[in-house]
Structure formats: C-alpha cells, structure tokens
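Below, each chain spelled out in residue letters.
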Amino acid sequence: MAPAITTLAADAPALSAANTGFMLICSALVMLMTPGLAFFYGGMVRVKSTLNMLMMSFVSLGIVTILWVLYGFSIAFGTDVGSVVGWSSDYVGLSGIGITELWDGYTIPVYVFAVFQLMFAVITPALISGALADRVKFTAWALFITLWATVVYFPVAHWVWGSGGWLFEMGVIDFAGGTAVHINAGAAALGVIIVIGKRVGFKKDPMRPHSLPLVMLGAALLWFGWFGFNAGSWLGNDDGVGAVMFVNTQVATAAAMLAWLAYEKIRHGSFTTLGAASGAVAGLVAITPAGGSVSPLGAIAVGAVAGLLCAMAVGLKYKFGYDDSLDVVGVHLVGGVVGSLLVGLFATGGVQSDAKGLFYGGGLEQLGKQAVGVFAVLAYSLIVSALLALIVDRTIGMRVGEDDEVSGIDQVEHAETAYDFSGAGGGTSSRTTAAAPAPAVTQNKKVDA
C-alpha cells in the first residue's frame, strides 16, 4: 500500500493515482516525439547525412536530461527571481523533493511534473537541428545546445509557464509551447543560420529527401506523441479541458495537412507525401498554444490557416537566401506565431480560461498580449542564439570543412554510414560476389553527390 500523505492540509488536493498515471504516460509520449523527430528529419536529408541528423536529436536526450536535473528545473520552475528566472535550492539535483510532494495546486507529484517538463526541454533544441543539416560539427552542436538550453530555453520556460514569469503574469496564453517551444526553436534556428551560412551547393545541387517513408514514419510518431504533449499540459483529467485539447489536436492537424496539400496542388500540380507530413506538423505546431482556448471549429480554422501560411513560408528561404535545410523556420517559427496570435481571435472564453478573442467579443486585448509574447520570445531567442553560435564558431568552430561536407558528414563525424549496400547483389556465391564489381557502392556515391 502506498504511504499516506501526512504533510498536506486537510483541504489541500490529495495525490491522484489516475492523474499521476496519465501524466507518466503523457511524459513517455512526449519522450517518443524526439526519436520521431529524428526519423522525420533523418528521412528528409541526403543519404550521407542521415546518421548525423538522427544523432543531433538523440544527443539532446542525454545532454538536456542531465542539465535539467542539475539546474534546469530550478531555473524554469523554481521560486521567481525578478520575473525572469526561477531558483529553488530544493530543485537543484532534484535532491530536496519528497516522493509524495505535490506540484502546487495539482494532484500529481513534483517528480511527475518535472519529468513531463523535461521532455519539452529535450525536444526544443532538437527542433533547431533540422535547420543546420549537413554542416555542423557534432561537438559544436553538443556545446551549443548545452549553452542554449541554459541561457535561452530554461529562462523562457519560466517567462511563459513559471509562477511569477513576466509573460505568465501578463496573461499570455500558451497552452503547451507555441512560444516557449516552437517560436523559441524556430527563431534560434534562424539566428544560427545567419552565423554559419549556407550548405555547399545551396540552390544549385538537388537536395531531395532520401527516404520519404522514413519521413512519414517520423511524422506519424510526432502526431501520436503530440497527444501527450498537448493534452498532458493541463496536468490532469478532472475538468475536461485536456479532453478538448486532445480533440483540437487531431482536428487542427487534419485541417493543416489538407490545406497544405491543396496549396501544393494549386501551386505545383501535385499532392506530395512530404507536403502531407509537413502540413501535419504545421497543424500540430499551431494548435499547441491555442488548443486549450478554441472550439473544434476554431481548431479547424487554426489548422487551415497554419497549413496554408507555412506552405507558403517554406519557399521564403530561396527568396531571401537563408539556408533553412529542413524548414524549421517555415514550419515551427511561422506555425508557432500563427497559432499564438490566433488565440487572440478565436479564444472562446469557455475552455482553459475566461479570456476571449476578438471574434468572441473580447476585443483586441488578448491579441495584444499574444503579440507581446510572440515577439519578445522571437527577438530574445534570435539574438541570443546568434551570439551563442558566434561564440562557438569563434572558439571550436561550428562547421565541418567543405571537403568533409561534400563527402558526407556521417563518415566524418560518426565513422558510419546509414546504409550498407555491400550485400545488395544477393543470390550470388561469395566467390562471384568477391570477384564482381560493386555497383551498389557506385550508386551510393552518385546519391551522395
């Protein structure tokens, strides 16, 4: 039998086994999103960069987890210091937390809240990696996300979600991470791109995805895990808000995927699998801040607008000349901005809070608050991320050499390749195979070029 909770007042919430179990499941779903992101990005790059793309996501699971335990949780959710950061010595090393101690005002243990938020902290820097494909040293990437999580993500999480954080106290609505996660990562990606420059052959060589099935698998895992990401952010199941968020997540994602595909058909004449996957992710991004404020009909509008605008935005890199390799800016930054601002239009005042958007009689007040949150996070992340990338570049160097980039970053940085084609000519004897030429290797070199 579980030990009794004796430290709570008589009228305080009691630990809920149902909510605790639900939140542990949601935490696992959000954890799954990072490997899902790795597959999504890994399929979008060329063969010679597949493993590096996977590793850039996976290493975040290691680095950010340790940082979160040591001091990240304390900075993000500790006692407020000047409305900018938090700090609580009990949270340092997670050493002063009782196993039955509840997160303030909720029915789940502090440990459960900490691990749920940890998974958000893990995936956010991993999102940045898609903009930097093919050209960043792995050691430089590891150092950058260590610095970035410390200086950017942890403080911004406090602004948005921490008690006393200045955006939280202002009344900016961000249900599950439109500002703290997606705008933050998208703006950071743009800042780093400005510093490190374009890939060799950008706008000259074909840089098509090498495995669209892998992209679709990654998108499916993201869509699946996102239910935990979004519905779990209400930290319980007692009042139906999480259920509304769950429904809105599905609805907006579907609408965005269809809107993206419709744009593709009209603009380019085809319905592509890459477009379907990208549209779904755009809808997931946009509904993340808004889904706790809007109705299912509002979620359709949020998703459709995001799918259309993100589909249009991914082409801006060719117009303005910044090399956002896998469209992190076009999908996550633009989708996060769209979803966050549309709260100010479509909030019904009847779900997570009584705040109403313009279309529900609330005037422009909430839209103004959302705009402050959007542009504060965007500007801070863009500027600080660029400075951090510049520091890393000037110290240990951010990019691999041009020859290494052309030959393939997987072999250079990881001494491995994603696919072994040496046995591709099956059905022959070992003697015949040994004597015959190796056309598969030649084919692989052609793909890499």
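Caption draft 1: Representation of the overall build of the protein chain. Scanning the protein chain from terminus to terminus reveals 17 helices and 2 strands. The principal-axis extent of the C-alpha atoms belonging to the protein chain is close to 80 × 50 × 45 Å. Within the span of the protein chain, comprising 449 residues, buried residues form 54% of the whole. Counting contacts in the protein chain only where the partners sit at least 6 residues apart, residues at least 24 apart contribute 76% of the total. Here the protein chain displays about 18200 Å² of accessible surface, and carbon together with sulfur accounts for 66% of that area. Across the protein chain, the centroid of the 20 positively charged side chains sits 17 Å from that of the 27 negatively charged ones.

Caption draft 2: Seen up close, the packing of aromatic side chains. Enumeration according to the criterion identifies 26 aromatic pairs in this entry. Taking the centre distance of 6.1 Å and the plane angle of 80° together, the rings of Y71 and F154 count as edge-to-face. Taken together, the positions of Y71 in helix α2 (residues 50-77) and F154 in helix α4 (residues 138-161) put the pair 83 residues apart, joining distant regions of the chain. You can call Y71 partly exposed: its relative accessible area is 23%. Centroid distance F73 to F77: 5.9 Å. Interplanar angle 40°. Geometry classified as tilted. A residue pair is termed a helical-turn pair when its members lie 3 or 4 positions apart in one helix, as F73 and F77 do in helix α2 at 4 residues. Given a relative accessible area of 7%, F77 falls into the buried group. Members of the aromatic cluster, each reached through a chain of ring pairs, are W68, Y71, F73, F77, Y91, W103, F113, W148, Y153 and F154.

Caption draft 3: Structural view of helix α12 (residues 328-346). Counted at 1.5 Å a residue, the expected span for α12 with its 19 residues is 27 Å, and the 25 Å between its end C-alpha atoms agrees. The element α12 is largely enclosed, with a buried count of 17 among its 19 residues.

Caption draft 4: Summary view of the packing of helix α1 (residues 17-44) against helix α7 (residues 212-231). Between α1 and α7, the least distance of the axes is 7 Å, while the angle of their chain directions is 155°. Between α1 and α7, the interaxial angle falls into the category roughly antiparallel. Read as a crossing pair, α1 and α7 show a hand that is left-handed.

Caption draft 5: Local environment of the confidence of the model for the protein chain. When pLDDT is averaged across the protein chain, the result is 92; 91% of the residues are at 70 or more. Below a pLDDT of 50 lies the segment residues 1-10, which in the model reaches 4 contacts outside its immediate sequence neighbourhood of four places, other chains included.

Caption draft 6: Seen up close, unusual backbone geometry. Residues other than glycine seldom take positive phi values, yet S83 does so here, at roughly 65°. Structurally, the position occupied by S83 is in the loop between β1 (80-81) and β2 (85-86). Looking at S83, the relative accessible area reads 26%, which means it is partly exposed.

Caption draft 7: Structural view of helix α10 (residues 296-313). Between its first and last C-alpha, α10 extends 25 Å over 18 residues, near the 26 Å set by a 1.5 Å rise per residue. Buried residues of α10: G298, A299, V302, G303, A306, G307, C310, A311 and A313, and no others. The elements touched by buried residues of α10 are α8 (241-268), α9 (273-290), α11 (316-320) and α12.

Caption draft 8: Region of interest: the environment of Y153. Examined against the element boundaries, Y153 turns out to sit in helix α4. By relative accessible area, Y153 is classed as buried at 1%. Remark: the alpha-carbon pair of Y153 and G335, spanning 182 residues in sequence, is separated by 18 Å. Excluding residues that lie within four positions of it along the chain, Y153 makes contacts with F120, A121, T124, W148, W161, A180, V181 and N184.

Caption draft 9: The arrangement of a nonpolar patch on the surface in detail. Nonpolar side chains collect at one region of the surface, where V305, L308, L309 and M312 lie side by side and expose about 300 Å² of accessible area between them. On the secondary structure map, L309 appears in helix α10. Judged by relative accessible area, which is 36%, L309 ranks as partly exposed.

Caption draft 10: Structural detail: the packing of α2 against helix α3 (residues 110-128). At their nearest, the axes of α2 and α3 sit 8 Å apart, and the two run at 130° to each other. As far as their axial angle goes, α3 and α2 are oblique. Both α2 and α3 take part in a crossing whose hand is right-handed. Residues S57, S60, L61, V64, T65, W68, F73 and F77 of α2 form the contact with α3, whose own contacting residues are V110, F113, A114, Q117, L118, A121, V122, P125 and A126. Considered class by class, the residues forming the contact of α2 with α3 number 13 nonpolar, 4 polar and no charged.

Caption draft 11: Expanded view of the nonpolar core. Counting residues in hydrophobic clusters, the biggest one holds 108 residues, and the most contacted among them are F73, L132 and F144. If one sorts the elements of this core by residue count, α4 sits on top with 16 residues. Sequence-distant contacts of F73, defined by excluding residues within four places in its chain, comprise W68, G78, Y91, L94, I97, W103, V110, F113 and A114. Of all hydrophobic cores here, the second largest spans 16 residues; its members include A290, A299, F346 and A347.

Caption draft 12: Here's a closer look at the environment of S163. Positionally, S163 belongs in the loop between α4 and α5 (166-170). Accessibility expressed as a relative area gives 60% for S163, which makes it exposed. Leaving out residues up to four positions away in the same chain, S163 has contacts with D80, H158, F168 and E169.

Caption draft 13: Seen up close, the side chain of S60. Looking at the secondary structure, you find S60 in helix α2. S60 has contacts with T65, V122, P125, A126 and I145, leaving out every residue within four places of it along the chain.

The rules behind each value
Residues numbered from 1 in each chain as written. Predicted model: local features only at pLDDT ≥ 70, side-chain atom pairs only at ≥ 80, totals over all residues. Heavy atoms only, no water. Helix = DSSP H or I, 4+ residues; strand = E, 2+ residues; numbered from the N terminus. Buried < 20%, exposed > 50% of the residue type's maximum accessible area, 1.4 Å probe, protein only. Contact = heavy atoms within 4.5 Å. Areas by Shrake-Rupley, 256 points an atom, 1.4 Å probe, with all protein chains shown as cover. Lys, Arg positive; Asp, Glu negative; His and termini not counted. Charge placed at Lys NZ, Arg CZ, Asp CG, Glu CD. Phe/Tyr/Trp six-rings, centres within 6.5 Å; stacked < 30°, edge-to-face > 60°. Expected span 1.5 Å × (residues − 1). Axes fitted to C-alpha atoms, helices over the stretch in contact; angles between N-to-C directions. Parallel < 35°, antiparallel > 145°, perpendicular 65-115°, else oblique. Left-handed = near helix turned anticlockwise from the far one by under 90°. pLDDT = per-residue confidence, 0-100. Patch = residues over 30% accessible without salt bridge, like charges linked within 9 Å, V, L, I, M, F, W, Y side chains within 5 Å. Salt bridge = Lys/Arg side-chain N within 4 Å of Asp/Glu carboxyl O. Nonpolar A, V, L, I, M, F, W, Y, C, P; charged D, E, K, R; others polar. Core = buried A, V, L, I, M, F, W, Y, C linked by side-chain atoms within 4.5 Å.

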